[in-house]
Amino acid sequence: MTVSIRPFDPLKDAELIHPWVTHPKAAFWMMQDAALQDVEREYMAITAHPHHDAFIGEVDGEPAFLMERYDPSKLELVGLYEPQPGDVGMHFLVAPTDTPVHGFTRTVITAVMTELFADPATARVVVEPDVSNKAVHALNEAVGFVPEREIQKPEKKALLSFCTREQFEAAVGVTV
């Protein structure tokens, strides 16, 4: 599988991801009832924000996942943990499919983490998935994340977890 990641274009890509973020399997994305215009508005705000970016990931040339990168000292986690220099926040969502491929989501999260650590300024990736999202906790652990504690965000109870470059490299057996 060849994975590539490109910047999100809100006018072009909102229509692409609308069925992804509203799919029942994307319940943790909290956009189940979003209209296309809601998705466009949300991602126009993200791409215009100085501390938040969105990307489309393609696998073998086909759009397959959504990735967000943010500064957790400015968004999402302000006041909920002690940020360190080089912290980068991350969200990702794999497109729904009727024909799942074993290991696909692990390939995606590995590509996302490789992309984040490709920036030498990234020292640690921070995630805050819903505490009840056991599937993503297992994926996070597989690429080196270590849970720190549960935190209460306005929209959910989250499991604050961290992954350093060294933890990622040890977990997946690559150097970035």
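Rules behind the numbers
- Residues numbered from 1 in each chain as written.
- Predicted model: local features only at pLDDT ≥ 70, side-chain atom pairs only at ≥ 80, totals over all residues.
- Heavy atoms only, no water.
- Helix = DSSP H or I, 4+ residues; strand = E, 2+ residues; numbered from the N terminus.
- Expected span 1.5 Å × (residues − 1).
- Contact = heavy atoms within 4.5 Å.
- Polar contact = N/O pair within 3.5 Å; in protein donor to acceptor, adjacent residues only side chain to side chain.
- Pairing = 2+ DSSP bridges.
- Axes fitted to C-alpha atoms, helices over the stretch in contact; angles between N-to-C directions.

As a further point, take helix α1 (residues 10-21). Compared with an ideal rise of 1.5 Å per residue, which puts 12 residues at 16 Å, α1 spans 14 Å between its outermost C-alpha atoms and falls more than 12% short. On its buried face, α1 is in contact with β1 (3-7), α2 (36-48), β2 (52-59), β3 (62-70) and β4 (87-94). For α1, the side-chain oxygen to backbone nitrogen distance between the N-cap and Leu11 is 3.1 Å, and the N-cap itself is Asp9.

What follows deals with α2. Side chains of residues three or four places apart in an α-helix project in the same direction, reflecting 3.6 residues per turn. Here α2 is 13 residues long and its end C-alpha atoms lie 18 Å apart, about the 18 Å a rise of 1.5 Å per residue gives. Here the buried face of α2 lies against α1, β2 and β3.

Here we take up the sheet that holds β3. Strands pair in a sheet through their backbones, by hydrogen bonds, and they do so in one of two ways: parallel or antiparallel. Here 7 strands make up an open sheet; going across it, the order is β1-β2-β3-β4-β5-β7-β6 and the pairing mixed. Two strands lie at the open edges of the sheet, namely β1 and β6 (146-152), each paired on one side alone. The average undirected angle you get between the axes of adjacent strands in this sheet is 30°. Across 6 bridges, β3 lies against β4 in antiparallel orientation. For Arg69, the partnering residue across the bridge sits in β4 and is Met90. The strands touched by helix α5 (residues 165-172) are β6 and β7 (157-164); relative to β7, the strand with the most contacts, the crossing angle is about 85°.

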